[in-house]
Amino acid sequence: MRDGNTPPALRCAAAVTVLGIAAVFGFVTVYALPVLLSGQGLAVLSWRWLPAAGQFGILPMVCGSVLLACSALLLGWPLALCLCGWMHGLGPARPARGLRQLVHGMAAVPTVVYGFVSVFLLVPLVRQTGQGSGLCWLSAALVLALLVLPTMVVIMDAALREQGRSLRLAGAALGLSPAQVFAHVMLPGARRWLITAGVFGFGRAVGDTLIPLMLAGNAPGVPASPFDALRTLTAHMALVMSTDAGSTAYHSLFAAGILLLAVSAGVSLAVRRLRGSGQDALPDAEWRP
Amino acid sequence: MRRLRAVLSLVMILVFGLAAASAVAAPLDAFAPQSGLAGSLDIAGGTAHIPVMKEAAKRIMTVNPALRISVAGGGSGVGVQQVGEGLVGIGNTGRPLTEAEVQKYGLVSFPFAIDGVAVVVSPANPVTGLTGKQVADIFAGTVTNWKDVGGKDAPITLYTREDGSGTREVFVEKALKKGPQAATANVVNSNGAMKTAIAQDPNSIGYVGIGHLGESIKGLHFDGMVPTQENAASGAYTVTRKLYMNTRGAPQGLAKAFIDYVFSPEGQEITKASGYIPLGR
């Protein structure tokens, strides 16, 4: 942009994008502020959601979003790391290639397919454990982990491949096995990218609507066990929006919206930071035999 | 001879074609561009009405794109207030108007459908009927095992609809008598999702609009009343309410044409497809 040779069309596109994002922030803030600033502000930031009784607390939903996204990440991130290890020297080459294609293919499956299949296959299995309806935190976390897996694998894979090219031969020359190269050289070097993948995965998990809506049960409370239902902010918005317009419950959604927007903006900024500082962190700088 | 046959078949095609066209399009003819109707119509109020209103509006605007019909929710209270103050042309309510409302605004009511709600369980559940008290206790969370209401020894899983749902409104008002509801109930956001959930879960209990009863779920007798369309229409089943369209004074122009369309055979089909029992004028 600085060199002055940017085509006008590109500048236009950039301006439209920036304006669009600014407008989203502006509108949500403008609509949410009256709710937060008026007497309802405290009502929104409470633990009880009972619109019939005039209580519009969205904290259980905030809690649900955070719990679900963290648990999905806890399940999905290690799995993504294992898959990447398999692809980068820990597993035989041919299945590794197949695995990579499979994971890329998974990224193309629409969310609703995961949700629908899970309602008929996973939920009855979870129900058979004898604890509740099967529509619960656990079911949603398992499927959400699967959903965010490709995102994380693609990011990790790209970083590791970049490093592996130069390091594998050098490592072999030093007498290290592929597993040793992976564990002691490539992983430390790609540390920032591994974290970036996690942050991206979190952003995806916290923003997903359909999986929690279809699988988490949506009871507006804080779950006491993985077999209890929970309601995320996204599912909450979808539920209230589906039939209501213009009531206090509806307006409280803007407060939920601004919280979600803050989270996703935070995630983007975090990713930016990590990337910015990650570029010059070459593997040899962290080389510890 | 051949010529005669050709002419005859042409005539027949024309006759049948015209007959078919007029039979199919009749109720919507009132909205055709040459009908002289113009302008816009705003509709607001009861949420249960929305599917019917939206489908009717869509079909009308397809016939005559110059017409603008907007449909919003807000609840029965909003419907009365907005139509009374002239903010919208038609205000929908899921309850009859009170004497005070009719007097204050001079409103005219058009009941066009019956919305009945049935308590449902999985077909695998041996329970065939519950009393109102039992249903209220189950949904309040005080009865938590099927054996306490004559079923097998299994925990009850509750399913409810989201706040603002018209089906939920009828259920809470007419079946639970506005009693308390357990916060641990699973929440689904449509009659279809409720059906899937109940059919899948052998220990479940939930409720759907009577029009959505089918093979995959079992409608329970409620206080001995059998949930069927006929019983809801005759008054033998009482977990029901009527859906009303209301106008300020006698409806005119587009609002009148819209109400006429909802009462036409085609409009009644839409009402039925939305899960309600259509009423004649």
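None of these values were measured; they are calculated from a predicted model.

Residue and element names in this part refer to chain A. Following both chains from N to C, one finds helix α3 (residues 59-90) and helix α10 (residues 233-241) inclined at 130 degrees, their axes separated by 7 Å at the closest point. Comparing the axis directions of α3 and α10 gives the class oblique. Contact with α3, carried on its side by M61, V62 and S65, involves L233, T234 and H236 of α10 and no other residues of that element. Grouping the constituent residues of the contact of α3 with α10 by class yields three nonpolar, three polar and no charged.

What follows concerns the side chain of Q163 of chain A. All names here are of chain A. Along the chain, Q163 turns up in helix α6 (residues 137-173). For Q163, a relative accessible area of 10% translates into the label buried. Of note is the side chain of Q163, whose polar atom sits 3.4 Å from the backbone oxygen of G189.

The UniProt record annotates "domain: PBP" (unreviewed entry) at residues 36-266 of chain B. Helix makes up 34% of residues 36-266 of chain B and strand makes up 26%, while its end C-alpha atoms are separated by 21 Å.

A separate point is the nonpolar core. In this structure, I138, F139, F171 and I205 of chain B are the most contacted members of the largest nonpolar core, which totals 88 residues. By residue number, the principal contributor to this core is α6 of chain A, which donates 14 residues. One finds L28, V52, L67 and V262 of chain B within the second-largest nonpolar core, a separate group that totals 29 residues.

Quick look at the pattern of salt bridges now. Between side chains of opposite charge, a pair can form when the charged atoms approach closely. If you walk through the whole model with that rule in mind, you get 15 salt bridges over all chains. A salt bridge links D201 of chain B to R127 of chain A, with the shortest nitrogen-to-oxygen separation between them at 3.6 Å. One end of the pair, D201 of chain B, is in the loop between α7 (191-200) and β8 (204-209); the other, R127 of chain A, is in helix α5 (residues 111-127), on a second chain. Summarising the burial analysis for this pair, D201 of chain B and R127 of chain A share the class buried. D153 of chain B is the salt-bridge partner of K147 of chain B, the closest N and O atoms lying 3.8 Å from each other. The exposure class of K147 of chain B is partly exposed, given its relative accessible area of 47%. Judged by relative accessible area, D153 of chain B falls into the exposed class, the value being 60%. A network of salt bridges, in which partner residues are shared, links E55, K58, R59 and E266 of chain B.

Here the focus is the interface of chain A and chain B. You'll often see interface size given as the accessible area lost when the parts meet. The interface of chain A with chain B comprises 21 residues on the first partner and 21 residues on the second. When the two sides are added together, the surface that chain A and chain B hide from each other amounts to roughly 1600 Å², 53% of it contributed by carbon and sulfur. Remark: the boundary between chain A and chain B carries one salt bridge. Scanning the region where chain A abuts chain B turns up five residue pairs in polar contact (both at pLDDT 80 or more). Per-element accounting of the side of chain A that touches chain B gives the leading share, four residues, to α5 of chain A. Looking at the side of chain A that touches chain B residue by residue, the class counts come to twelve nonpolar, six polar and three charged.

A word on empty space enclosed by the protein. Residue and element names in this part refer to chain B. This model, assessed by the stated rule, comprises one cavity of 30 Å³ or more. By volume, the largest cavity is sized at about 30 Å³. Looking at the largest cavity, the residues that line it are G46, T47, A48, H49, G75, S76, G94, E169 and R241. Across the lining of the largest cavity, the residue classes tally to one nonpolar, six polar and two charged.

Calculation notes
Residues numbered from 1 in each chain as written. Chains lettered and ligands numbered in written order. Predicted model: local features only at pLDDT ≥ 70, side-chain atom pairs only at ≥ 80, totals over all residues. Heavy atoms only, no water. Axes fitted to C-alpha atoms, helices over the stretch in contact; angles between N-to-C directions. Helix = DSSP H or I, 4+ residues; strand = E, 2+ residues; numbered from the N terminus. Parallel < 35°, antiparallel > 145°, perpendicular 65-115°, else oblique. Contact = heavy atoms within 4.5 Å. Nonpolar A, V, L, I, M, F, W, Y, C, P; charged D, E, K, R; others polar. Buried < 20%, exposed > 50% of the residue type's maximum accessible area, 1.4 Å probe, protein only. Polar contact = N/O pair within 3.5 Å; in protein donor to acceptor, adjacent residues only side chain to side chain. UniProt positions renumbered as here; feature names shortened; annotations may be inferred. Core = buried A, V, L, I, M, F, W, Y, C linked by side-chain atoms within 4.5 Å. Salt bridge = Lys/Arg side-chain N within 4 Å of Asp/Glu carboxyl O. Buried area = accessible area lost by both parts, 1.4 Å probe. 1 Å grid on protein atoms, 1.4 Å probe; cavity = no way out; pocket = protein on both sides within 12 Å on 5 of 7 lines; lining within 4 Å. Points joined across faces, edges and corners; volume = space filled by probe spheres on them.

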